[in-house]
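# Per-entry structural report
In case you want the letters, here they are:
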Amino acid sequence: MSTAIIEDTLAPTVENILQQKTLKWIFCGGKGGVGKTTTSCSLAVQLSQVRESVLLISTDPAHNLSDAFGQKFGKEATKVNGFDNLSAMEIDPTSSIQEMIEQSDAQQGGGGAMSSMMQDLAFAIPGVDEAMGFAEIMKHVKSMEYSVIIFDTAPTGHTLRFLSFPSVLEKALAKFSTLGRSFGPMLNQMTSMMGGGQGNQEDMFAKLESMRAVINEVNTQFKDPDKTTFVCVCIAEFLSLYETERLIQELTQYEIDTHVIVCNQLLFPKKGSNCEHCSVRKAMQNKYLGEMMELYAEDFHIVRCPLLTEEVRGVDRIKNFSKFLVEPYQPPSE
């Protein structure tokens, strides 16, 4: 890799994110196993030093935040041990919708026939169940007073679906409202025959409309580079680089800002090392890192983080690792 390429690149740190005080939503995503959770936890630690309050949310059903910090997190925001202004929570978008349905049934005194019919109508639209789960999450999160919220997302495919939810839900709700207006009188009659109150249908439409308002607002914020950015996480291997390129293209299509790539698990063999495996892996990584620099160096801050000899687990190790996001790693031998 030539010195000229390096000199023309943007700073290999996340300082630009730390300095951008208007940011409200930060997503960390990439292929499975590239260190997304380590990166999002480290970024949250760094942000906690410059922002009033930080919330870290895992939307990955695998939920690794508890393992990373060595502390149990659930559906409620909980302070991370050792921090006054950093909280974390783990939620599953696909299960949120079921909870919402159960609550709705309970509020309507268990008159499930009507709500079941409405659910079948609503969920006939592909992806709408996950999208509505997403809407419930965003409604919950929006009511919280945090300076910045970081999403530790599921692997790439799920992340892209997650980011497309606002537009999926917007279309679905518009279609559902039209269906409701067309079939409203018939549904009211059927509700009465089944012993349900006529208010049930109106309650459901009111709920859907309020969701649509939240989604519209969130969608607008996600497309505002002053409020939202996406941190792409990868490793220096072909499949990961390919996935990163696909992710960046999709983010551009969704009009979501992205200008930071974190490349994890880089090898820095000691000077004079005779490890053949290390030198072969290092040569491969250099090849893909070189390609990454050629593709993205002009428009992206490419942060390079080392592969350590120990797992990055526990608050202290995460704090130490987080420094690589702001201070480029220097191998001890150099």
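Higher on the page you've got the structure.
Residues numbered from 1 in each chain as written. Predicted model: local features only at pLDDT ≥ 70, side-chain atom pairs only at ≥ 80, totals over all residues. Heavy atoms only, no water.

### Observations regarding the overall build of the protein chain
Within the protein chain, the regular secondary structure consists of 12 helices and eight strands. A sequence separation of at least 24 residues applies to 79% of the contacts in the protein chain between residues at least 6 apart. (Helix = DSSP H or I, 4+ residues; strand = E, 2+ residues; numbered from the N terminus. Contact = heavy atoms within 4.5 Å.)

### Notes on the pairing of strand β2 (residues 54-58)
Regular strands place side chains that alternate from one sheet face to the opposite one. Counting buried positions along β2 gives five out of five residues, so the element sits mostly inside the fold. In β2, alternate side chains face the same way, and those of Val-54, Leu-56 and Ser-58 on one face and Leu-55 and Ile-57 on the other are all buried. As defined by bridge partners, β2 adjoins strand β5 (residues 148-152) across five bridges and the pair is classed as parallel. Paired with Ile-57 across the strands is Phe-151, a residue of β5. (Buried < 20%, exposed > 50% of the residue type's maximum accessible area, 1.4 Å probe, protein only. Pairing = 2+ DSSP bridges.)

### A word on the packing of helix α10 (residues 238-253) against helix α11 (residues 276-296)
With their axes 10 Å apart at the nearest point, α10 and α11 run at an angle of 15° to one another. With respect to α11, the element α10 is oriented roughly parallel. In this structure, α10 crosses over α11, and the sense of that crossing is right-handed. Taken together, the residues of α11 that come into contact with α10 (itself represented by Phe-238, Leu-241, Thr-244, Glu-245 and Ile-248) are Tyr-288, Glu-291, Met-292 and Tyr-296. Counted by class, the contact of α10 with α11 contains six nonpolar, one polar and two charged residues. (Axes fitted to C-alpha atoms, helices over the stretch in contact; angles between N-to-C directions. Parallel < 35°, antiparallel > 145°, perpendicular 65-115°, else oblique. Left-handed = near helix turned anticlockwise from the far one by under 90°. Nonpolar A, V, L, I, M, F, W, Y, C, P; charged D, E, K, R; others polar.)

### Observations concerning the pattern of salt bridges
Summed over the entire model, instances satisfying the criterion amount to five salt bridges. Two residues, Lys-223 and Glu-255, come together in a salt bridge whose shortest N-O distance is 4.0 Å. Within this pair, whereas Lys-223 is found in the loop between α9 (199-222) and β6 (228-235), its partner Glu-255 is found in the loop between α10 and β7 (260-266), the two being separated by 32 residues in sequence. You can call Lys-223 partly exposed: its relative accessible area is 37%. For Glu-255, a relative accessible area of 51% corresponds to the exposed category. (Salt bridge = Lys/Arg side-chain N within 4 Å of Asp/Glu carboxyl O.)

### Considering the nonpolar core
Core analysis: the largest hydrophobic core is formed by 38 residues, its most contacted members being Ile-26, Leu-43 and Val-231. With 36 residues, the next largest nonpolar core counts Leu-55, Ile-256, Met-293 and Tyr-296 among its residues. (Core = buried A, V, L, I, M, F, W, Y, C linked by side-chain atoms within 4.5 Å.)

### Some points on unusual backbone geometry
Notably, Glu-255 is not glycine yet its phi reads approximately 60°, a positive angle. Positive phi, close to 60°, is recorded for Gln-265, a residue that is not glycine.

### As for the packing of helix α3 (residues 36-48) against helix α12 (residues 315-322)
Viewed as axis vectors pointing N to C, α3 and α12 meet at an angle of 80°, and their least axial separation amounts to 8 Å. It follows that α3 is roughly perpendicular to α12 by the angle criterion. On α12, the residues that touch Thr-38, Cys-41, Ser-42, Val-45 and Gln-46 of α3 are Ile-318, Lys-319, Phe-321 and Ser-322. Of the residues contributing to the contact of α3 with α12, the split by class is four nonpolar, four polar and one charged.

### Observations concerning the sheet that holds strand β1 (residues 25-29)
Here eight strands make up an open sheet; going across it, the order is β3-β4-β2-β5-β1-β6-β7-β8 and the pairing mixed. Each end of this open sheet is capped by a strand with a single partner; those strands are β3 (78-79) and β8 (301-306). In this sheet, strand β4 (residues 86-90) lies alongside β3 in antiparallel orientation, the contact comprising two bridges. Bridge assignment links Thr-78 to a residue of β4, and that residue is Ala-88. Running at roughly 170° to β5, α3 makes contact with β1, β2, β4, β5, β6 and β7 of the sheet.

### Focus: the pairing of β4
For β4, a buried count of five out of five residues is recorded, marking the element as mostly surrounded by other parts of the structure. A two-sided burial pattern is seen for β4, the buried positions comprising Leu-86, Ala-88 and Glu-90 on one face and Ser-87 and Met-89 on the other. Pairing analysis gives five bridges linking β2 to β4, with the strands arranged parallel. What sits directly across from Ile-57, in β4, is Met-89. Connecting the antiparallel pair β3 and β4 is a turn made up of six residues, with Gly-82 showing a positive phi of about 90°.

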